[in-house]
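Architecture at a glance
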Amino acid sequence: MNQTQNEISRRRTFAIISHPDAGKTTLTEKFLLYGGAIQKAGSVKGKASDRHAVSDWMEMEKKRGISITSSVMQFEYEGFCINILDTPGHQDFSEDTYRTLMAADSAVMVIDAAKGIEPQTRKLFKVCAMRHIPIFTFINKLDREARDPFDLIDELEKEFGIDTYPMNWPIGCGVEFQGVYDRDGHKILAFGDSHRGRDRLASIDCDLADTEGLDKLIGPYAREALIEQVELLDGACFDFDLEKVRCGKLSPVFFGSALNNFGVEFFLEHFLKMTTAPLSRRAGEDTVSPFDPFFSAFVFKIQANMNKAHRDRIAFLRIVSGKFESETEYFHVQGGRPLRLSQPQQMMADSRQGIEEAYAGDIIGVFDPGIFSIGDTVCDKGKKVTFEGIPTFAPECFAIVEQIDSMKRKQFAKGMSQIAEEGAIRIFTEPSGGLERVHVGVVGMLQFDVLESRMQSEYGVTYKKYPEPYTTIRKIGGGIDPKNLRLFDVKWVKDFRGNDFLLFPSEWHIRHTLENNEGLVLLEFGSEA
Ligand code: G4P
């Protein structure tokens, strides 16, 4: 193996997904602690200050107007070079969140043990499942009152249609949380006062038949419950199958408490054993392997700068094959032009660094003078790789946006259509209407704020916005004339290409509309592509 191959084979690139508050930030920080990327022995009490290390820097980035901290973090652990792709939560939720998953080779799904699957987990899971990437589940906050663990895994299996394999099993929860039982290692990792930061705890070998030993460790009540549950698990649970893990059909489940740094190291160790080096990608008829001897990468995210003083954009590229060198001239396939990637940089936990080189599996951010689009490819000169497209994701929040100043009609229309072209927002018009009053559709609410600020700073336009109750969009199919549709509380709109869509406030409205309109076919958004 040459040096490049060696670097590539130790890369692991995963996305971390969860509903807000499940503990994604806390878990990420613990990973970074293990990697030594945050130079600080964290502790339960030190959690707030751990977070400072990262968030202070984010604050700095915000002032500069670019927040790429949350995009990707790289750290070293036991010889592996790990890239964590964060998927922005809650307010920042946008199409970018979904696109980020296109750059990952596996996903870690964090679930709050008291809440189980929540709406955002559900949405993100769907995108991971679409790509058949391995999904690892970390059920967090066992130190608090939690739902029955059997219930939780049952919910995962039923809702997501995947098999699960609990790698460890919790012994109690909340104030009675005593630790976890490592099913394959036959060990108990006891939860105690000694969970401080980077301390590595030795687990205790445990034979479930050793009544006396177990009683000493966890008490007779917990021992009996554990034995019963492990028997049930062994009998009723799916068998472990690495092949199924690797194609996303079986999710290994880990129980722990990120805040207490409990179960995190166990997770990392097993995760690294089960994941593989960067995945190959389809490029038309061909497949590009990370070990192919040429450089290739694709743009999965473009971040416009919200700060007026810094109009630039950052394009994020996932390297698919070979080695990137900052001095080399590459080829932008869609632009048909050679180019040098300007100011390449990479995140190292709490600092952004200019980089000279990077390898397949890595994510690099480069300044984009406005030449890139999502899905574009950059590769060695003489190669013309184009990777399979990044899917379009349906908007889920809608608002009417209306221009106020008729003197600025042109700027309004130009701004709206240009921003829509970038893919940050979707614009729809009334079937007989013009561009002075449009329906804007976005994946996350924050995009409305971004739109407002960009329209103001880049096009000098302010407008009125009226939120709409719609949550689901479908394309009209079946050759039906929309004029003849019988619609109740459902909106008919058109996109730029003249395609007809319906906006629905709920699933019920979809069913109701179908029942009332014979011959109507509703297609998923994006199916026009
Ligand atoms: P997120 O990124 O998924 O949104 O979640 P984040 O890590 O910010 O965690 C959300 C809240 O849950 C935080 O509390 C965090 O301390 C807490 N938390 C995370 N992991 C655990 C855990 O294993 N056990 C317990 N008990 N709590 C956990 P917060 O109230 O927002 O912050 P703070 O007031 O604790 O600082």
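First, a word on scope: everything that follows refers to the structure included in this document. (Residues numbered from 1 in each chain as written. Predicted model: local features only at pLDDT ≥ 70, side-chain atom pairs only at ≥ 80, totals over all residues. Heavy atoms only, no water.)

Counting secondary structure elements, the protein contains 12 helices and 31 strands. By residue count, 54% of the 529 residues in the protein fall in the buried class. (Helix = DSSP H or I, 4+ residues; strand = E, 2+ residues; numbered from the N terminus. Buried < 20%, exposed > 50% of the residue type's maximum accessible area, 1.4 Å probe, protein only.)

The strand order across the open sheet formed by seven strands is 2-3-1-4-5-11-6, and the pairing between neighbours is mixed. Looking along the sheet, the strands with just one partner apiece sit at the ends: strand 2 (72–77) and strand 6 (163–166). Across the sheet, the axes of successive neighbouring strands diverge by a mean angle of 25 degrees, strand direction being ignored. In this structure, strand 5 (residues 135–140) lies alongside strand 11 (residues 250–255), joined through three bridges in parallel fashion. Pairing of phenylalanine 138 across the sheet is with phenylalanine 254, part of strand 11. The sheet strands contacting helix 5 (residues 119–131) are strand 1 (11–18), strand 4 (106–112) and strand 5, and the helix crosses strand 1 at an angle near 145 degrees. (Pairing = 2+ DSSP bridges. Axes fitted to C-alpha atoms, helices over the stretch in contact; angles between N-to-C directions. Contact = heavy atoms within 4.5 Å.)

So, on to the side chain of histidine 509. Checked against the element boundaries, histidine 509 lands in helix 12 (residues 507–516). At a separation of 2.7 Å, a polar atom in the side chain of histidine 509 contacts the side chain of serine 506. The residues touching histidine 509, leaving out its near neighbours within four places in the chain, are Phe488, Asp489, Val490 and Phe504. (Polar contact = N/O pair within 3.5 Å; in protein donor to acceptor, adjacent residues only side chain to side chain.)

What follows concerns helix 5. Looking at helix 5, one finds that the buried residues are Gln120, Thr121, Leu124, Phe125, Val127 and Cys128. Summarising the axial view, the buried residues of helix 5 lie within an arc of 160 degrees, below the 170-degree limit, and thus occupy one face. Here the buried face of helix 5 lies against strand 1, helix 4 (95–101), strand 4, strand 5 and helix 6 (149–160). Looking one or two places after helix 5, you find histidine 132, whose phi comes out positive at around 55 degrees. (Arc of directions from axis to C-beta.)

Under the definition given, this model contains 27 salt bridges. Where arginine 437 meets glutamate 402, a salt bridge forms, and the shortest distance between an N and an O atom there is 2.9 Å. Linking arginine 437 in strand 26 (residues 437–442) with glutamate 402 in strand 24 (residues 397–403), this pair joins segments that are 35 residues apart in sequence. Residue class for arginine 437 comes out partly exposed when judged on its relative accessible area of 34%. Of the charged contacts, one joins glutamate 430 and lysine 491 as a salt bridge, the two residues approaching to 3.4 Å between their closest N and O atoms. Of this pair, glutamate 430 sits in the loop between strand 25 (426–428) and strand 26 while lysine 491 sits in strand 29 (residues 491–494), and the two are 61 residues apart along the sequence. (Salt bridge = Lys/Arg side-chain N within 4 Å of Asp/Glu carboxyl O.)

Turning next to the sheet that holds strand 8 (residues 179–182). What the four strands build is an open sheet, ordered 7-8-9-10; its pairing is antiparallel. Looking at the sheet topology across the chains shown, the edges are occupied by strand 7 (168–171) and strand 10 (204–205).

Let us now look at the packing of helix 2 (residues 24–34) against helix 9 (residues 264–274). Orientation of helix 2 relative to helix 9, taken along the N-to-C sense of each, is 75 degrees, at an axis distance of 10 Å. With respect to each other, helix 2 and helix 9 are oriented roughly perpendicular. Mapping the contact onto sequence places Leu27, Lys30, Phe31 and Tyr34 in helix 2 and Val264, Glu265, Phe267 and Leu268 in helix 9. Class assignment of the residues belonging to the contact of helix 2 with helix 9 gives a composition of six nonpolar, no polar and two charged. (Parallel < 35°, antiparallel > 145°, perpendicular 65-115°, else oblique. Nonpolar A, V, L, I, M, F, W, Y, C, P; charged D, E, K, R; others polar.)

Moving on: the environment of lysine 381. With respect to the element layout, lysine 381 can be found in the loop between strand 23 (377–379) and strand 24. Residue classification places lysine 381 among the partly exposed residues on the basis of a relative accessible area of 47%. Considered as a pair, lysine 381 and proline 338 are 43 residues apart in the sequence and their alpha carbons are 7.1 Å apart. If we ignore the near neighbours within four places in the chain, the residues touching lysine 381 are Glu329, Tyr330, Phe331 and Pro338. Within polar-contact distance, the side chain of lysine 381 engages the side chain of glutamate 329 at 2.6 Å.

Tracing the sequence through the fold places threonine 377 in strand 23. Each C-alpha atom of the pair threonine 377 and valine 299 lies 6.5 Å from the other, and the pair is 78 residues apart in sequence. At 3.3 Å, the side chain of threonine 377 forms a polar contact with the backbone oxygen of valine 385.

To continue, consider the side chain of threonine 275. Topologically, threonine 275 is positioned in the loop between helix 9 and strand 12 (281–283). Under the relative-accessibility criterion, threonine 275 is labelled buried at 7%. Here the side chain of threonine 275 touches arginine 12 through a polar contact of 3.3 Å, side chain to side chain. Non-local contacts of threonine 275, meaning those with residues more than four positions away in its chain, are made with Arg12, Ser106, Phe136 and Arg246.

Before going further, it helps to spend a moment on the environment of threonine 471. The topology assignment puts threonine 471 in the loop between strand 27 (463–468) and strand 28 (472–477). For the pair threonine 471 and serine 506, spaced 35 residues apart in sequence, the C-alpha separation works out to 6.5 Å. Ignoring sequence-local partners within four residues, the contact set of threonine 471 consists of Pro395, Glu396, Phe398, Phe504, Pro505 and Ser506. Of note is the side chain of threonine 471, whose polar atom sits 3.1 Å from the backbone oxygen of proline 505.

Turning to the nonpolar core, a few remarks are in order. Of all hydrophobic cores here, the largest spans 65 residues; its most connected members are Leu85, Met109, Ile139, Tyr181, Ile188, Leu226 and Phe300. Ranked by residue count, the leading element in this core is helix 7 (residues 211–236), at six residues. (Core = buried A, V, L, I, M, F, W, Y, C linked by side-chain atoms within 4.5 Å.)

A few words now on unusual backbone geometry. Phi is positive for histidine 186, close to 50 degrees, though the residue is something other than glycine. In this structure, histidine 186 sits in the loop between strand 8 and strand 9 (187–190). Even without glycine at this site, aspartate 489 takes up a positive phi of about 60 degrees. Along the polypeptide, aspartate 489 turns up in the loop between strand 28 and strand 29. Using a relative accessible area of 58% as the deciding quantity, one classes aspartate 489 as exposed.

Scanning the model with the defined rule gives 25 aromatic pairs in all. Seen from their ring centres, phenylalanine 295 and tyrosine 330 are 4.4 Å apart, and the 40 degrees between their planes marks the pair as tilted. With phenylalanine 295 in the loop between strand 13 (286–288) and strand 14 (296–304) and tyrosine 330 in strand 17 (residues 330–332), this pair connects stretches of sequence that are 35 residues apart. Take phenylalanine 295 and tyrosine 330: they sit in the same class, and that class is buried. Seen in terms of ring centroids, phenylalanine 412 and tyrosine 463 are 6.3 Å apart; in terms of plane orientation they differ by 75 degrees. Their pairing is edge-to-face. Of this pair, phenylalanine 412 sits in helix 10 (residues 409–422) while tyrosine 463 sits in strand 27, and the two are 51 residues apart along the sequence. Exposure remark for phenylalanine 412: the relative accessible area of 1% places this residue in the buried category. Take tyrosine 463: its relative accessible area is 10%, and that puts it in the buried class. If you follow arginine 183 out to its NZ or CZ, it ends over the ring of tyrosine 165, 4.6 Å from the centre. (Phe/Tyr/Trp six-rings, centres within 6.5 Å; stacked < 30°, edge-to-face > 60°. Lys NZ or Arg CZ within 6 Å of the ring centre and 35° of its normal.)

Shape descriptors only; they carry no functional weight alone.
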